[in-house]
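If you want the building blocks of each chain, they are given just below.
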Amino acid sequence: MGNSQVIGIDLGGTAIKLGRFTADGTCLQSLTVATPQPATPEAVVAKMVDAIAQIDLDRNCIAIGVGTPGPADAQGRIAKIAINLPGWYDVPLADALEAKTGKPTIVGNDANCAGLGEAWLGAGRRFQNLILLTLGTGVGGAIILDGELFTGPLGAAGELGLITLKPDGPRCNSGNQGSLEQYVSVTAIRRRTGKEPAELGVLAKAGDAQALTFWQEYGKDLGIGLTSLIYVLTPQAVVIGGGVSGSAEFFIPFVKAEIEQRVLPTSRLGLQILPAELGNFAGIAGAAKLAFSKVGA
């Protein structure tokens, strides 16, 4: 299996990213194509098949992994719902791609794929037990236990952004109220400040007192949310990814302070809070790792 190659695909609302990987994590070739609009399942599958053919000219790849913006079933066959993609309900994506390409295919949630990518090649590679939070439009998560992605019996575990932070807070799409996502996502930052996270990062760098205070409060909220997760999972590391992580230097000190204050030392011994390293590459890397797991490589 040493020379095996797989394809990792990260399906998003505006772009489909693909990479061809070897088992040691080398990305031999990558490609980004626009997500068809409207992004019906048929149109997306056709676009993926065309893109796969472009980066696997010799048809050497032995499997395909796909990260989708929403939950997959426990067997990694079906995209249950895909956020930002119209008409995506219980789409048998693995079957569709297998029928068109002849290659074993597995489907996973995009945040889980990002977590797998960071655990394999990024900030989490030195740890067997970690959690990843992606701070983007929403807040996704992934749990790695004993080196394996944990998705639970239904395939839906690891929705870390949907835990309750403040019971009377803003209503969440999940039906929860005051979820962590409602305080630390890009959408929440816009609602709370009227500004973009990158703008607040620039202001903080320039020493703007209001921006610095915002990031302090933001770090406190994130730290409180992580406290619950740390007590349950006692990870060796928490990896923070997604667009907001670009301003990690301004809020991670406050995250750490909150955790130190709230979590017993026995539950956080040696715990590291780290910014993600792979950026947008994490998704395709994790999808590739998923593909290798499908074929036992």
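Residues numbered from 1 in each chain as written. Predicted model: local features only at pLDDT ≥ 70, side-chain atom pairs only at ≥ 80, totals over all residues. Heavy atoms only, no water.

(A) Structural context of the sheet that holds strand β8 (residues 130-135). Read across the sheet, five strands follow the order β10-β9-β8-β11-β12 without closing on themselves; strand pairing throughout is mixed. This sheet does not close on itself; its edge strands, each paired only once, are β10 (148-149) and β12 (272-275). As paired strands, strand β9 (residues 139-145) and β10 are joined by two bridges and run antiparallel to one another. Within β10, the position partnered with L145 by the bridge is E148. Where helix α7 (residues 209-233) meets the sheet, it contacts β8, β9 and β11 (237-241), and its direction lies at approximately 150° from that of β8. (Pairing = 2+ DSSP bridges. Helix = DSSP H or I, 4+ residues; strand = E, 2+ residues; numbered from the N terminus. Contact = heavy atoms within 4.5 Å. Axes fitted to C-alpha atoms, helices over the stretch in contact; angles between N-to-C directions.)

(B) Region of interest: the nonpolar core. Counting 35 residues, the largest nonpolar core has L135, W215, Y218, L222, L226 and F251 as the members making the most contacts within it. Every element with two or more residues in this core is listed here: β8, β9, α4 (181-184), α5 (186-193), α6 (197-205), α7, β11 and α8 (248-262). It is α7 that provides the largest number of residues to this core, a total of nine residues. Residue contacts for L222: discarding those within four places in its chain leaves L133, L135, L180, V184, I240, F251 and V255. Counting residues in hydrophobic clusters, the runner-up holds 27 residues, among them L11, C61, V66 and L97. (Core = buried A, V, L, I, M, F, W, Y, C linked by side-chain atoms within 4.5 Å. Buried < 20%, exposed > 50% of the residue type's maximum accessible area, 1.4 Å probe, protein only.)

(C) Here's a closer look at the side chain of N109. One can find N109 in strand β7 (residues 105-109). Polar contacts involving the side chain of N109 include one to the main-chain amide nitrogen of A111, which spans 2.8 Å. Excluding its chain neighbours within four sequence positions, the residues that come into contact with N109 are T68, G70, P71, A72 and E159. (Polar contact = N/O pair within 3.5 Å; in protein donor to acceptor, adjacent residues only side chain to side chain.)

(D) Representation of the sheet that holds strand β1 (residues 5-11) in the model. Pairing in this open sheet of five strands is mixed, and the strands run β3-β2-β1-β4-β7 from one edge to the other. One side of each edge strand has no neighbouring strand; the edge strands of this open sheet are β3 (27-34) and β7. Neighbour-to-neighbour, the strand axes of the sheet open up by a mean angle of 15°, direction not taken into account. In the packing of helix α1 (residues 41-55) onto the sheet, contacts are made with β1, β2 (15-22), β3 and β4 (63-68), and the angle to β2 comes to roughly 35°.

(E) Layout of the pattern of salt bridges. Applying the stated criterion across every chain yields a total of twelve salt bridges. Of the charged contacts, one joins K17 and D10 as a salt bridge, the two residues approaching to 3.9 Å between their closest N and O atoms. A relative accessible area of 23% places K17 in the partly exposed class. The salt bridge involving E277 is made with R125; its shortest N-O contact spans 2.8 Å. Within this pair, whereas E277 is found in the loop between β12 and α9 (281-294), its partner R125 is found in the loop between α3 (110-121) and β8, the two being separated by 152 residues in sequence. Relative accessible area serves as the criterion here: at 47%, E277 is assigned to the partly exposed category. According to the relative accessible area criterion, R125 is partly exposed, its value standing at 45%. Among the ionic contacts, a cluster of salt bridges with common partners joins R77, D95 and E98. (Salt bridge = Lys/Arg side-chain N within 4 Å of Asp/Glu carboxyl O.)

(F) Spotlight on unusual backbone geometry. Here the residue pair Q37 and P38 is connected by a cis peptide bond, since its omega of -5° sits within 30 degrees of zero. Structurally, the position occupied by P38 is in the loop between β3 and α1. Here the phi dihedral of D90 falls at roughly 50°; this positive angle occurs in a residue that is not glycine. Among the structural elements, D90 can be located in strand β6 (residues 89-91). Notably, D146 is not glycine yet its phi reads approximately 50°, a positive angle. Among the secondary structure elements, D146 is positioned in the loop between β9 and β10. Look at D146 and you get exposed, because its relative accessible area is 58%.

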